Amino acid sequence: MQYDALSQILDALKLRGSIYFHTNFSPPWGVRVPAFGNVARFHMAMRGSCWLAVEGHETPIYLATGDLVVIPHGAAHVLCDQLGRETTSVDQVLQQTGYTGEGALYFGGPEEEQSCKLFCGHFEFEEGTVHPILEALPSVIHVPNTQTLNAHWLETVMRFVASEVSATMPGSDAIIHRLTEIIFIQVVRTFVDREGDRAGCLAAVLNPKLGRSMSQIHLAPERPWTVETLAREAGMSRTVFAERFTGLVGMTPLAYVTHWRMEKARRDLRDTDLPLIDIAENIGYNSEAAFNRAFKRQFDLTPGQMRRTGSMTPADPS
């Protein structure tokens, strides 16, 4: 099977999924979750229902049984049984309940029959990584149970995760990480199916033609790419390809080539001891000076400075 553009990008971003806990919240209850960068938090209502209010998102979201919500940029949010409910910070909840990480997290009042069972976790990306697909993600993605792909895939996966969380068998952590990564990919697919071109770069990545050209850039960034050769990979005319690519991705095809080259160079600087000239040649630069200039434009650091300081944070594009 062809290694597709989305898989290549997620590998480069080092996507890693994790489960925090599964809850048993009984009315009355309200929990505040603080903002945290570089993670996409998620909550799934396995039983019962609740309200979600995300900072910066005007309309509260009602989560019914089977619904999944992803908060891609780690914004602060509140989960509660009723809007306007007094809330407790998640750290205080953990402290008050004495939760050890084993079993369900019980919190709230005595009305057990109306309890809400949530699975809570996050998708994490490597610190300092930048890619247009991350910018294309909205502040909130709500996937109602009725909109999930492949019938009951999400519920089935989450029940499997639940069994692994409870079992604590050898290999459970690896299984949980892989399954939660699958959930992220399926959510992205569902989001693009629903939003179409409004999904921006994500729509381009999942488009059979544009995604094919992006995949070739990822596989061979050192090639002397032109708009013509990329359009040929996509099976499109030069003009239509350039307009469609730029409109969805938010940068020209050749700007994306440079972006991917620099991201690969940054990873090589971190993960290898290759000389700078070898890294430069591996991404299509015959001159170390030209490589240095392009790298500094993207990260506001020279390759040598990044390697010496270990910095993973690119310059603010604004």
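That block above? That's the structure.
Reference entry: report on the structure contained in this document.

### Side note on the sheet that holds strand 9 (residues 105-108)
Paired through their backbone hydrogen bonds, the strands of a sheet run either parallel or antiparallel.
Consideration 1: The six strands are arranged 9-1-10-3-6-11 in an open sheet whose pairing can be described as mixed. With one partner strand each, in any of the chains shown, strand 9 and strand 11 (141-143) form the two edges of the open sheet. Averaged over all neighbouring strand pairs, the angle between strand axes comes to 20°, with direction disregarded.
Consideration 2: Where strand 6 (residues 68-71) lies against strand 11, three bridges are found, and the strand directions are antiparallel. Paired with valine 70 across the bridge in strand 11 is isoleucine 141.

### With respect to the nonpolar core
Consideration 1: Core analysis: the largest hydrophobic core is formed by 54 residues, its most contacted members being Ile133, Met214 and Phe241.
Consideration 2: Counting 24 residues, the second largest nonpolar core, distinct from the first, contains Phe25, Val33, Leu52 and Val140.

### A short note on unusual backbone geometry
Consideration 1: Residue proline 27 is joined to proline 28 through a cis peptide bond whose omega torsion reads -5°.
Consideration 2: Examined against the element boundaries, proline 28 turns out to sit in the loop between strand 1 (16-26) and strand 2 (30-33).
Consideration 3: One non-glycine residue, lysine 14, lies in the positive phi region at around 55°.
Consideration 4: In this fold, lysine 14 is placed in the loop between helix 1 (5-13) and strand 1.
Consideration 5: Judged by relative accessible area, which is 41%, lysine 14 ranks as partly exposed.

### Notes on the environment of isoleucine 61
Consideration 1: Position of isoleucine 61 among the secondary structure elements: in strand 5 (residues 61-63).
Consideration 2: As a C-alpha pair, isoleucine 61 and tryptophan 51 span ten residues in sequence and 5.7 Å in three-dimensional space.
Consideration 3: Those residues within four positions of isoleucine 61 in sequence are excluded, and the remaining contacts are Cys50, Trp51, Leu52, Val140 and His142.

Reading guide: rules and limits
Residues numbered from 1 in each chain as written. Predicted model: local features only at pLDDT ≥ 70, side-chain atom pairs only at ≥ 80, totals over all residues. Heavy atoms only, no water. Pairing = 2+ DSSP bridges. Helix = DSSP H or I, 4+ residues; strand = E, 2+ residues; numbered from the N terminus. Axes fitted to C-alpha atoms, helices over the stretch in contact; angles between N-to-C directions. Core = buried A, V, L, I, M, F, W, Y, C linked by side-chain atoms within 4.5 Å. Buried < 20%, exposed > 50% of the residue type's maximum accessible area, 1.4 Å probe, protein only. Contact = heavy atoms within 4.5 Å.

The analysis is restricted to geometry; functional conclusions fall outside its scope.
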